[in-house]
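If you want the building blocks of each chain, they are given just below.
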Amino acid sequence: MGPENSGGPFVAYIDGQPIEIRGPLPEFTIYDISKDMKTAREILEAWVDIRITTEVAAEGIREFFHTMELDTAVRLARIFEPDLARQYIHTKKKRTRKKYEKRILAWFREVFR
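Read on for a plain summary of the structure.

Calculation rules
- Residues numbered from 1 in each chain as written.
- Predicted model: local features only at pLDDT ≥ 70, side-chain atom pairs only at ≥ 80, totals over all residues.
- Heavy atoms only, no water.
- Helix = DSSP H or I, 4+ residues; strand = E, 2+ residues; numbered from the N terminus.
- Buried < 20%, exposed > 50% of the residue type's maximum accessible area, 1.4 Å probe, protein only.
- Contact = heavy atoms within 4.5 Å.
- Areas by Shrake-Rupley, 256 points an atom, 1.4 Å probe, with all protein chains shown as cover.
- Core = buried A, V, L, I, M, F, W, Y, C linked by side-chain atoms within 4.5 Å.
- Salt bridge = Lys/Arg side-chain N within 4 Å of Asp/Glu carboxyl O.

1. Looking at the overall build of the protein
Next up, step 1: Scanning the protein for helices and strands turns up four helices and three strands.
Next up, step 2: Helices and strands appear in the protein in the N-to-C order β-β-β-α-α-α-α.
Next up, step 3: A burial count over the protein gives 23% of its 113 residues as buried.
Next up, step 4: For the protein, the proportion of contacts with a sequence separation of at least 24, taken over those separated by at least 6, is 45%.
Next up, step 5: Total accessible area on the protein stands at roughly 9100 Å², and carbon and sulfur atoms take up 56% of it.

Written out as C-alpha cells, the structure reads:
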C-alpha cells in the first residue's frame, strides 16, 4: 500500500490487483452536488476507492499490532514462563506453533491487561 513512486497516485493492493484512487477529488460545494449529477457521481466513485484503501490499511495495521503483541508476549514469556516460550520457539510444525501462540497470548492478556 502506498504511492507507486513519489509523484504517483496512492495505490492499495487486494489479492495482488492494484486499486488506485482515480485522481484528486473534484472541488465542489453542497449546492454543486445537488445541482450537478456528474459531480456527485465523481465524488461517489472517489469515495468507493478511499473506502477500499482504508480497509486495506486497517487490515495491515491490525496485522502489525497483532505481530507486536505476540512479540512482546513471547519476550515476556521467556522471562516469566520459560517452558511455554521454549515450546513455542523450538516448534517447527505450524499447527503446534499456533497452539502455543494462543497459549502465550492468553497468558499475556490475563497477566498484563
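2. Focus: the environment of R109
Next up, step 1: With respect to the helices and strands, R109 occurs in helix α4 (residues 94-112).
Next up, step 2: It is 9.5 Å that separates the C-alpha atoms of R109 and E69, two residues lying 40 residues apart in sequence.

3. Describing the nonpolar core
Next up, step 1: Core analysis: the biggest nonpolar cluster contains twelve residues, these being L70, A73, V74, A77, L84, A85, Y88, Y100, I104, L105, W107 and F108.
Next up, step 2: Every element with two or more residues in this core is listed here: α2 (37-80), α3 (82-90) and α4.
Next up, step 3: Per-element accounting of this core gives the leading share, five residues, to α4.
Next up, step 4: Leaving out residues up to four positions away in the same chain, A77 has contacts with P82, A85, I104 and W107.

4. With respect to the side chain of E69
Next up, step 1: Structurally, the position occupied by E69 is in helix α2.
Next up, step 2: Here E69 is in contact with L105, F108, R109 and R113, once residues within four sequence places are set aside.

5. Structural notes on the pattern of salt bridges
Next up, step 1: Throughout the structure, instances matching the rule amount to five salt bridges.
Next up, step 2: In this structure, E69 and R109 form a salt bridge, with 2.9 Å as the shortest nitrogen-oxygen distance. Separated by 40 residues along the polypeptide, E69 in helix α2 and R109 in helix α4 bring together distant segments of the chain.
Next up, step 3: Looking at E69, the relative accessible area reads 14%, which means it is buried.
Next up, step 4: Owing to a relative accessible area of 36%, R109 belongs among the partly exposed residues under this scheme.
Next up, step 5: Between D83 and R86 there is a salt bridge, with its nearest N and O atoms 2.9 Å apart. Of this pair, D83 and R86 both sit in helix α3, three residues apart, which is roughly one turn of the helix.

Read these as layout, nothing more, since geometry by itself doesn't imply function.
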